[in-house]
Amino acid sequence: MTDQYAVIGNPIVQSKSPFIHATYAQVTGQDLQYTALLGPEGQFAATVDAFRKAGGKGMNVTAPFKLDAYAYANEWSEGAKLAGAVNALKFEGDRVIAQNFDGVGLVRDVVHNLQCPLLGKRVLVLGAGGATRGALLPFLAEKPALLVIANRTASKAIELAAIGAAHGVVRGCGYEDLAGQQFDVVFNATSASLRAELPSVSVAVFAPGALAYELAYGKGLTPFLQLARAAGVTHLADGVGMLAEQAAEAFEWWRGVRPDTRAVIEKLTVPLV
């Protein structure tokens, strides 16, 4: 019998997950079907219950249900606990096991695909929301010389930095506190690019030879990437690789085999022009 997997969200028509997982199934020879489920507002648990009853083996979770998925689970990975949000579920009888692969996928894209090790680097993350929470431990596991989280509300960044302090050198601050500092890798984890807006940061934060990474994907040359280019940055990337890699992490978790992500990244990449 073909195993059933799905992604749940609302809206969901824009999701690339069915294409990605169908590609991964084909290249790994796995017998599975992956569909997109529109989750009615307020009915996350009922929708997942029905999917499990029909034999569903696992799900990806996207907006606005990542917090609902956390509450629905009864086992959580350390990364899911830290993020307080879940983007993948696995069903084994009464067990509902929760993971958050967003940060792991991001780090793998940067270190493996973009060939930009974070070891010993000065790393800046703009924004202290769920994406940054999910990436905190994966970032620190790479042992950067310094990880700085900057946020419009400095207290949120400081609070998040305190959580990661036991795992590496990390500091939280407001945007205004970045004056006079330069970084080798700068991530935009704010929602500004979704509104075609620019985070409140200066061109001066980019060190020579820096990587500028936009977590949003498919938006082309966003205001953040335009700022980086104006600063002379030539190494620009968006989140398409992160999308492909976090999906590969979930696929391997479910199926025990890791797919090659190159074809998916090539298919979904939008030129940064």
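Residues numbered from 1 in each chain as written. Predicted model: local features only at pLDDT ≥ 70, side-chain atom pairs only at ≥ 80, totals over all residues. Heavy atoms only, no water.

Draft legend 1. Here's a closer look at helix α9 (residues 240–255). Over its 16 residues, α9 extends 22 Å from the first C-alpha to the last, a length consistent with the 22 Å expected when each residue adds 1.5 Å. Across the 16 residues of α9, 15 count as buried, placing the element largely inside the fold. Immediately beyond the C-terminal end of α9, within one or two residues, lies Gly-256, with a positive phi of roughly 80 degrees. (Helix = DSSP H or I, 4+ residues; strand = E, 2+ residues; numbered from the N terminus. Expected span 1.5 Å × (residues − 1). Buried < 20%, exposed > 50% of the residue type's maximum accessible area, 1.4 Å probe, protein only.)

Draft legend 2. Expanded view of the sheet that holds strand β7 (residues 122–126). Here six strands make up an open sheet; going across it, the order is β9-β8-β7-β10-β11-β12 and the pairing parallel. Each end of this open sheet is capped by a strand with a single partner; those strands are β9 (170–174) and β12 (235–238). Sheet twist, expressed as the mean angle between neighbouring strand axes with direction ignored, is 20 degrees. Seen against the sheet, helix α5 (residues 102–113) touches β10 (183–188), β11 (206–214) and β12 and runs at an angle of roughly 135 degrees to β11. Where helix α7 (residues 154–164) meets the sheet, its contacts fall on β8 (146–151) and β9, and the angle it forms with β9 comes to roughly 175 degrees. (Pairing = 2+ DSSP bridges. Axes fitted to C-alpha atoms, helices over the stretch in contact; angles between N-to-C directions. Contact = heavy atoms within 4.5 Å.)

Draft legend 3. Examining the packing of aromatic side chains more closely. Within the structure shown, the criterion is met by ten aromatic pairs. With a centroid separation of 5.6 Å and an interplanar angle of 50 degrees, the aromatic rings of Phe-187 and Tyr-213 are classed as tilted. Separated by 26 residues along the polypeptide, Phe-187 in strand β10 and Tyr-213 in strand β11 bring together distant segments of the chain. With a relative accessible area of 0%, Tyr-213 lands in the buried category. Seen from their ring centres, Phe-206 and Phe-224 are 6.0 Å apart, and the 50 degrees between their planes marks the pair as tilted. With Phe-206 in strand β11 and Phe-224 in helix α8 (residues 223–230), this residue pair connects regions lying 18 residues apart in the sequence. A single burial state applies to Phe-206 and to Phe-224, both of which are buried. Through pairs of rings, three or more aromatic residues link up here, namely Phe-44, Phe-65 and Tyr-72. Positioned above the aromatic ring of Phe-183, the side-chain terminus of Arg-122 is 5.3 Å from the ring centre. (Phe/Tyr/Trp six-rings, centres within 6.5 Å; stacked < 30°, edge-to-face > 60°. Lys NZ or Arg CZ within 6 Å of the ring centre and 35° of its normal.)

Draft legend 4. Representation of the nonpolar core in the model. Counting residues in hydrophobic clusters, the biggest one holds 28 residues, and the most contacted among them are Leu-106, Val-110, Leu-136, Phe-139, Leu-147, Phe-187 and Tyr-213. For this core, the secondary structure elements donating two or more residues are α5, β7, α6 (130–141), β8, α7, β10 and β11. A total of five residues in this core trace back to one element, the largest contributor, which is α6. (Core = buried A, V, L, I, M, F, W, Y, C linked by side-chain atoms within 4.5 Å.)

By themselves, these figures tell us nothing about what the structure is for.
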